[in-house]
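# Working through the structure, step by step
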Amino acid sequence: VSFFANKGEFLGIIGASGAGKTTVLRVLTGQLSPTDGRAFVGGMDVTKKRDLISLLVGYVPQLEHISLYYDFSALENAQFFGRLFGMRPKEIERRARQVLTILGFDEELMTKDIDKLSGGERKRVSISLGMIHDPPVLLLDEPTTGLDAHLRHETLNYLKELNFELGTTQVIISHDLEIVDYCT
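Numbers given to residues run from 1 along each chain, matching the order in which its sequence is written. Whole-chain, interface and lining totals are the exception, using all residues; otherwise, since this is a predicted model, local features are given only for residues with pLDDT of at least 70 and side-chain atom pairs are given and counted only at 80 or more. The basis for every side-chain value is the complete set of non-hydrogen atoms in the structure, without hydrogens or water.

### As for helix 1 (residues 21–28)
Partly exposed describes any residue whose relative accessible area lies between the buried limit of under 20% and the exposed limit of over 50%, with all areas from a 1.4 Å probe on protein chains only and scaled to the type maximum. Helix numbers and strand numbers start at the N terminus; a helix is a DSSP run of H or I with at least 4 residues, a strand a run of E with at least 2. Among the residues of helix 1, K21, L25, V27 and L28 are the ones counted as buried. Looking down the long axis of helix 1, one finds its buried residues gathered within 155° of arc, a one-sided arrangement. As for helix 1, its buried residues are in contact with strand 1 (10–14), strand 2 (40–41), helix 2 (50–56), strand 4 (57–60), strand 5 (137–141) and strand 6 (169–174). Regarding the arc, it is the one traced by the directions from the helix axis to the C-beta atoms. Here a residue-residue contact requires only that any non-hydrogen atoms of the pair lie within 4.5 Å.

And the structure:
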């Protein structure tokens, strides 16, 4: 596979189930080494600069339940994950509120425990955690999985808004052709 995204683009990668889309993202995040060829993110070789890749990349897994603490609110989840990047609590809160607001959250949703949020709201919290450290690149692994048609379009619109407002390069993988309408 070969592809390229310019700064600020919203790139869609579409393929059938089992085609290797998630494997590609795992290579780009440094979780897996490529068996052949090369992979670069932000101009850095992921096999040689693996320690720096986590700073350049935000990652949103397909299954948000593996990246969320259900007894925490969206803001508390942000505090936990932001600290992993060495961010200060006030900086984390400012960034979390900025991203969650773009994702359609009000104060009530930001402070409600994750286990009391809908599936679409949980997905958006997961997206906010991928953006907490202000990465130049956001990699999304089938972010509309498990959502009904209305919520899929709503989530894609929120992603497009994030892309527009923050200029983050986004790479979204999916088996749904509908993402084409949202990509640059």
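### As for the nonpolar core
For our purposes a nonpolar core is just a set of buried Ala, Val, Leu, Ile, Met, Phe, Trp, Tyr and Cys residues, chained together by side-chain atoms within 4.5 Å. Of all hydrophobic cores here, the largest spans 34 residues; its most connected members are F105, V125, I127, L159, L162 and I172. Considering every element that reaches this core, the biggest residue donor is helix 4 (residues 89–102), with 5 residues. Aside from chain neighbours lying at most four places away, what touches V125 is L68, A74, F105, I114 and L117. Among the nonpolar cores identified, the runner-up in size contains 15 residues, and L11, I13, L25 and L28 belong to it.

### Thoughts on the pairing of strand 6
Taken across its 6 residues, strand 6 has 6 buried, putting it largely inside the fold. Looking at chain direction, strand 5 and strand 6 are connected through 5 bridges and run parallel. Counted as the bridge partner of L139 is V171 from strand 6. The crossover handedness rule: strands pointing away from the viewer, path from first strand over the helix to second strand clockwise, crossover right-handed. The parallel pair strand 5 and strand 6, bridged by helix 7 (residues 149–166), forms a crossover whose chirality is right-handed. Pairs of strands are assigned from DSSP output, requiring at least two bridges between the strands.

Bear in mind that shape data such as this cannot, by itself, settle questions of function.
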